[in-house]
Amino acid sequence: MVRNFFYQPNEGNLMIQLMNMVAPAALNNHGDWSQGGVREFLRNCSCDGIEMIYDGSEDSCSNQKDIIFGYHLMFYADWIDFWRKDTAALNRKFGSDVTWRDFYLGSEREALIRQFQEDLLRAASLNVKYVVFHVSDVSVEEGFTYRWEHTDEEVIDAAAEFINLLLDGQSDTFEFLVENLHWPGFTFTRPEMTERLLSQINYKKKGIMLDTGHLMCTNLEIKDQADGCRYIHRMMDEHGALCKYIRGVHLHQSVTGAYVKQSLKNQPVLKENFYERFAQCYEHIGKIDTHQPFDNAEVYRLIERIAPEYLVHEIAAKTPEEKKNLIKLQQRALKCLR
């Protein structure tokens, strides 16, 4: 497997380059990737392996463990009201108790714990180096209005409670990395919130998966990629010593402040059916969080500063060929100042 470009200055270790992949079905469908399969595709992309998110299939990954370095745990974007058993809020947002019970696969918080425990067991069976967990909460309506129903503090405290229940009794076989998003919760814009979250997690191998695109989405005034890199540097400056917890980076960019501002001025009419509204929101979020590659040289300095153990090219693409080309575009930006 091709190793990559950067060295961590403090440890002298090669940084591991990965790509995001919905799997395991894709791992076993060689025709969709290249004549040599996924391994050849990874070599062509100069990547060492993948960060996987489970696709729900029954395929086995047992013969692919060596290329699965990370595992992105499942997530519910909107879950705090369910966790708190706020049935009034749930009925308002979902339309009926039948709908939200169906959505969460149960009526009690144990339903969430059970689903995540199964996902965590799947990750552990793959001997992954790390798992990733979203710390945020946003409803369909909030995704359009940006009028939040829950504070960062509320989401972080609930997430910490959930994480500790999830990891209770787990051995320190993998790193547990919390990921920042641009919704209420862990955003990496408020150091006191980052510290609040990390201090409450009762797990030795805890850390941060810093998502650059999500961080850029927290600032609607960002005009271009270079501006976005400067903003990320500023957030790191403000976090100071807390940056030591950054173990990996989801590398991609979104410059979509103008779109969000225009959308806020022209609110769409939402469908009455919850799942139809959910589809509307899904399309909308894709226009905010675009997962496009960096092609600006400033990203080199950013990654050089962070020196992550894991660099994940989390790029959106419709085909493997497009994904390969976009990853290479981002890699050229990372190498251009060498």
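Residues numbered from 1 in each chain as written. Predicted model: local features only at pLDDT ≥ 70, side-chain atom pairs only at ≥ 80, totals over all residues. Heavy atoms only, no water.

Caption draft 1: A look at the confidence of the model for the protein chain. Considering every residue of the protein chain, the mean pLDDT works out to 92; 93% of them sit at 70 or more. A low-confidence stretch, residues 1-13 (pLDDT under 50), is modelled with 36 contacts involving residues beyond four sequence positions or located in other chains. (pLDDT = per-residue confidence, 0-100. Contact = heavy atoms within 4.5 Å.)

Caption draft 2: The arrangement of the pattern of salt bridges in detail. Applying the stated criterion across every chain, the model contains 23 salt bridges. We note a salt bridge from Glu-161 to Arg-109, for which the minimum N-O separation is 3.2 Å. Here the residue Glu-161 occupies a position in helix α8 (residues 152-167), and Arg-109 occupies one in the loop between α5 (97-104) and α6 (110-125), the gap between them amounting to 52 residues. Judged by relative accessible area, which is 36%, Glu-161 ranks as partly exposed. Between Asp-227 and Arg-230 there is a salt bridge, with its nearest N and O atoms 3.8 Å apart. (Salt bridge = Lys/Arg side-chain N within 4 Å of Asp/Glu carboxyl O. Helix = DSSP H or I, 4+ residues; strand = E, 2+ residues; numbered from the N terminus. Buried < 20%, exposed > 50% of the residue type's maximum accessible area, 1.4 Å probe, protein only.)

Caption draft 3: Up close: the sheet that holds strand β7 (residues 246-251). What the 8 strands build is a closed barrel, ordered β1-β2-β3-β4-β5-β6-β7-β8; its pairing is parallel. Across this sheet, the average inter-strand angle for adjacent strands is 30 degrees, counted without regard to direction. Of the strand pairs in this sheet, β7 and strand β8 (residues 310-313) are connected by 4 bridges, and their pairing is parallel. Paired with Val-249 across the bridge in β8 is Leu-311. (Pairing = 2+ DSSP bridges. Axes fitted to C-alpha atoms, helices over the stretch in contact; angles between N-to-C directions.)

Caption draft 4: Quick look at the pairing of strand β1 (residues 16-23). Within β1, 6 of the 8 residues are buried, which leaves it mostly tucked inside the rest of the structure. Across 4 bridges, β1 lies against β8 in parallel orientation. Paired with Leu-18 across the bridge in β8 is Val-312. Bridge count for β1 against strand β2 (residues 49-54) is 6 bridges, and the pairing is parallel. For Asn-20, the partnering residue across the bridge sits in β2 and is Glu-51.

Caption draft 5: Examining the environment of Ser-136 more closely. Within the secondary structure, Ser-136 sits in the loop between β4 (130-134) and α7 (140-145). Considered as a pair, Ser-136 and Ala-297 are 161 residues apart in the sequence and their alpha carbons are 31 Å apart.

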